[in-house]
Amino acid sequence: MKKKLRFILFILLLSIAGSFLFRGFLYRSLVEYQAVADRPKYPETDVELKALITLNDEKDAVTDIQDVISIAHKTTAKSLQFRFEGVENDPNTLVRTQKANCIGYAAFFCTMANALLEKNSMSTEWSAHAHIGHLYFMGINIHQFTRHPYFVDHDFVILKNSKTGEIIAVDPSLYDFSGIRIVRKRN
């Protein structure tokens, strides 16, 4: 009996560890994002936001797009607290209010990423754009099943390389909840 209990416990722990370790892979396997509209870009104009960008640019070495994504994710997650209700979306205000929904998270991430790309001479190749999106779970648009504001439209970010055409999709609010860095964009 003890052997069977230990075996069950071992399988349970293995399952939990596996789902934690492979959560990004599992999420990307099941969920796709489709852009349905664009959001405006916000240049960094606030002194506090500019200082935050400079601080993170100096603290972390930026050598490629993955570094930009990592810094923008970490800074966005540290700077903002998620709220479902309507809040400010301009990153120049969010740096002080620190309360945002998925729209604000995406706008803040984009402003941070585009400023880092500019400061590190990568903006001629890469750019970040916030998009209003729909989520598809196993090919089914989940927006038809709910009226919850978080799922009616959900903002995410597309980083695009203008020279190679490479596209990387990220969901900054999802990253804050789960640590999932990259999502899958629907073609």
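Within any chain, residue numbers begin from 1 and follow the written order of that chain's sequence. A pLDDT threshold of at least 70 governs which residues receive local features in this predicted model, and a stricter bar of 80 or more applies before side-chain atom pairs are shown or counted, although totals over entire chains, interfaces and linings include all residues. Side-chain metrics in this entry use all non-hydrogen atoms of the structure; hydrogen atoms and water are not considered.

**Description of the overall build of the protein chain**
Secondary structure assignment for the protein chain yields 8 helices and 8 strands. Throughout this description, buried means an accessible area under 20% of the type-specific maximum (1.4 Å probe, protein chains only), exposed means over 50%, and partly exposed covers the range between. In the protein chain, buried positions account for 41% of the 187 residues. By the convention used here, residues are in contact when the closest approach between their heavy atoms is within 4.5 Å. A separation of at least 24 residues holds for 64% of the contacts in the protein chain among residues at least 6 apart in sequence. Here the Shrake-Rupley method, with its probe set to 1.4 Å, supplies the accessible areas, and only the displayed protein chains count as covering residues. Surface exposure of the protein chain reaches about 10600 Å², of which carbon and sulfur atoms provide 60%. Only DSSP runs of H or I with at least four residues qualify as helices, and only runs of E with at least two residues qualify as strands; both kinds are numbered from the N terminus onward.

**Section: the environment of Thr 63**
Structurally, the position occupied by Thr 63 is in the loop between helix H3 (47–59) and helix H4 (65–79). For the pair Thr 63 and Met 122, spaced 59 residues apart in the sequence, the C-alpha separation amounts to 9.3 Å. Each polar contact in these results corresponds to two N or O atoms within 3.5 Å; when the atoms are within protein, one needs to be able to donate a hydrogen and the other to accept it, and residues that are neighboring in sequence are counted only if both atoms are side-chain atoms. Engagement of the side chain of Thr 63 in a polar contact is seen with the side chain of Asp 67, the distance being 2.6 Å.

**Let's talk about the nonpolar core**
Each nonpolar core is a collection of buried residues, namely Ala, Val, Leu, Ile, Met, Phe, Trp, Tyr and Cys, held together in the definition by side-chain atoms within 4.5 Å. Counting residues in hydrophobic clusters, the biggest one holds 32 residues, and the most contacted among them are Ile 65, Val 68, Phe 108, Phe 109, Val 157 and Leu 159. Listing elements by their share of this core, those giving two or more residues are H3, H4, helix H5 (91–97), helix H6 (102–119), strand S4 (126–137), strand S6 (154–161) and strand S7 (167–170). Of all the elements, H6 adds the most residues to this core, at 10 residues. Tyr 27, Val 31, Phe 156 and Leu 174 belong to the second largest nonpolar core, which has 10 residues in total.

**Brief notes about the side chain of Asn 161**
Mapped onto the secondary structure, Asn 161 falls in strand S6. Polar side-chain contacts of Asn 161 include one of 2.8 Å to the backbone nitrogen of Lys 163. Contacts of Asn 161, omitting those with residues within four sequence positions, involve Glu 125, Trp 126 and Glu 166.

**Some points on the packing of aromatic side chains**
The geometry of an aromatic ring pair is captured by two quantities: the separation of the ring centres and the angle between the planes. The aromatic pairing rule takes the rings of Phe, Tyr and Trp, using the six-membered ring of Trp, and pairs them if the centres are within 6.5 Å, calling planes under 30 degrees apart stacked, those over 60 edge-to-face and the rest tilted. All chains considered together, the criterion is met by 4 aromatic pairs. Taken together, the aromatic side chains of Tyr 27, Tyr 33 and Phe 156 make up a single cluster linked through ring pairs. The ring of Tyr 136 has Arg 186 lying over it, and the distance from NZ or CZ to the ring centre is 3.8 Å. A ring has a charge above it when a Lys NZ or an Arg CZ is no more than 6 Å from the ring centre and no more than 35 degrees off the ring normal.

**Looking at a nonpolar patch on the surface**
Only residues whose relative accessible area exceeds 30% and that form no salt bridge are eligible for patches; like-charged ones are grouped when within 9 Å, while nonpolar side chains (Val, Leu, Ile, Met, Phe, Trp, Tyr) are grouped when within 5 Å. We define a salt bridge as a side-chain nitrogen of Lys or Arg found within 4 Å of a carboxyl oxygen belonging to Asp or Glu. The grouping of Leu 30, Phe 137 and Met 138 at the surface amounts to a nonpolar patch, some 290 Å² of accessible area in total. With respect to the helices and strands, Phe 137 occurs in strand S4. The class for Phe 137 is partly exposed, based on a relative accessible area of 38%.

**Notes on the confidence of the model for the protein chain**
For the protein chain, mean pLDDT is 85; residues scoring 70 or higher make up 84% of the total. Highest mean pLDDT in the protein chain belongs to S7 (96); lowest belongs to helix H1 (residues 2–21) (60). Looking at any residue, its pLDDT shows the predictor's confidence there, from 0 to 100.

**As for H6**
Take the residue count of a helix, subtract one, and multiply by 1.5 Å to get its expected span. Spanning 18 residues, H6 covers 26 Å between terminal C-alpha atoms, matching the ideal 26 Å at 1.5 Å per step. Across the 18 residues that make up H6, a large majority, 15, are buried. Between a side-chain oxygen at the N-terminus of H6 and the backbone nitrogen of Ile 103 the separation is 3.0 Å; the capping residue is Asn 101. Count one or two residues on from H6 and you reach Ser 121, which has phi positive near 55°.

**Concerning unusual backbone geometry**
Peptide bonds are trans in most cases, and residues, glycine excluded, mostly fall at negative phi. Notably, Gln 98 is not glycine yet its phi reads approximately 60°, a positive angle. When you line up the elements, Gln 98 lands in the loop between H5 and strand S3 (99–100). Its identity as a non-glycine residue notwithstanding, Ser 121 has a phi of 55°, on the positive side. Tracing the backbone through its elements, the reader meets Ser 121 in the loop between H6 and S4.

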